[in-house]
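# What the coordinates show
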Amino acid sequence: SPHMLERAKQLPADPQLQFIQADIATWQPNTHFDRIVSNAALQWVPDHKKVLPHLVKPLAPQGVLGVQMPRNFDESAHRLLYELFQQDPWSESLSVWKERNFVEKPKWYVETLQGLGLTVNLWETIYLHVLEGDDAVLEWMKEHGYGDKADIAFVNGLVGIPLDRLVETLGI
């Protein structure tokens, strides 16, 4: 994002390090790289079966692809928001929203990346967050899980809705 690139400009200059803005799914560099790193980006990009070979191609021999992405879209908070997105009154105002769980299971990445000729070192970690205050989960999700304007408007609209109304809407 432009914001992240502005922050990167504040780092000490290093001729071996460059930051560019590009669509990760269609980026076509004109050189090979020793390292390509993606941190918390690929979970928003569909069709990893096409994207991963695209990212492996510009790696130099013995190059490393480093990827970090959350795989938490099946967690309760995400599932509940998705269910709410599908119900009135929110479904009409968020008709452009669709479920965006593009992340595969770890075994799929091992098999896919090995098939592309890479040695794979993969692990999965679950981070537990202690959240305090009113609407703490929704506030956290606004900051970490829903980035486009429709999503933020939706989550902002949920903050302050009485819990009994959400529970009634979800039928839980």
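Residues numbered from 1 in each chain as written. Predicted model: local features only at pLDDT ≥ 70, side-chain atom pairs only at ≥ 80, totals over all residues. Heavy atoms only, no water.

Time to look at the overall build of the chain. Scanning the chain from N- to C-terminus turns up eight helices and two strands. Mapped in sequence order, the helices and strands of the chain form the string α-β-α-β-α-α-α-α-α-α. Looking at the 172 residues of the chain, the share that counts as buried comes to 28%. Look at the contacts in the chain between residues 6 or more apart in sequence, and 66% of them connect residues 24 or more apart. (Helix = DSSP H or I, 4+ residues; strand = E, 2+ residues; numbered from the N terminus. Buried < 20%, exposed > 50% of the residue type's maximum accessible area, 1.4 Å probe, protein only. Contact = heavy atoms within 4.5 Å.)

Moving on, we get to helix 2 (residues 48–56). Within the sequence span of helix 2, burial applies to His48, Val51, Leu52, Leu55 and Val56. The buried residues of helix 2 occupy an angular sector of 130 degrees when projected down its axis, which confines them to one face. Residues Lys49 and Lys50 are exposed on helix 2 and point more than 90 degrees away from its buried face. At its buried positions, helix 2 is contacted by strand 1 (33–39), strand 2 (59–68) and helix 5 (106–115). (Arc of directions from axis to C-beta.)

Okay, the nonpolar core next. Side chains that are nonpolar tend, in soluble globular proteins, to be buried together. Of all hydrophobic cores here, the largest spans 17 residues; its most connected members are Leu42, Leu55, Leu65 and Leu113. Where this core is concerned, the elements lending two or more residues are strand 1, helix 2, strand 2 and helix 5. By residue number, the principal contributor to this core is helix 2, which donates four residues. Here Leu113 is in contact with Leu52, Val56, Leu65, Leu118 and Val120, once residues within four sequence places are set aside. (Core = buried A, V, L, I, M, F, W, Y, C linked by side-chain atoms within 4.5 Å.)

Further remarks concern the packing of aromatic side chains. Enumeration according to the criterion identifies two aromatic pairs in this entry. Both rings, one in Trp108 and one in Tyr109, keep their centres 4.8 Å apart while their planes meet at 85 degrees; by these two values the pair is edge-to-face. Given a relative accessible area of 5%, Tyr109 falls into the buried group. (Phe/Tyr/Trp six-rings, centres within 6.5 Å; stacked < 30°, edge-to-face > 60°.)

One ladder, built from six bridges, connects strand 1 with strand 2; its direction is parallel. Paired with Phe33 across the bridge in strand 2 is Leu59. Taken together, strand 1, helix 2 and strand 2 constitute a β-α-β crossover, and its handedness is right-handed. (Pairing = 2+ DSSP bridges. Right-handed = clockwise from strand over helix to strand, strands pointing away.)

So far we have only geometry, and geometry alone does not tell us how the molecule works.
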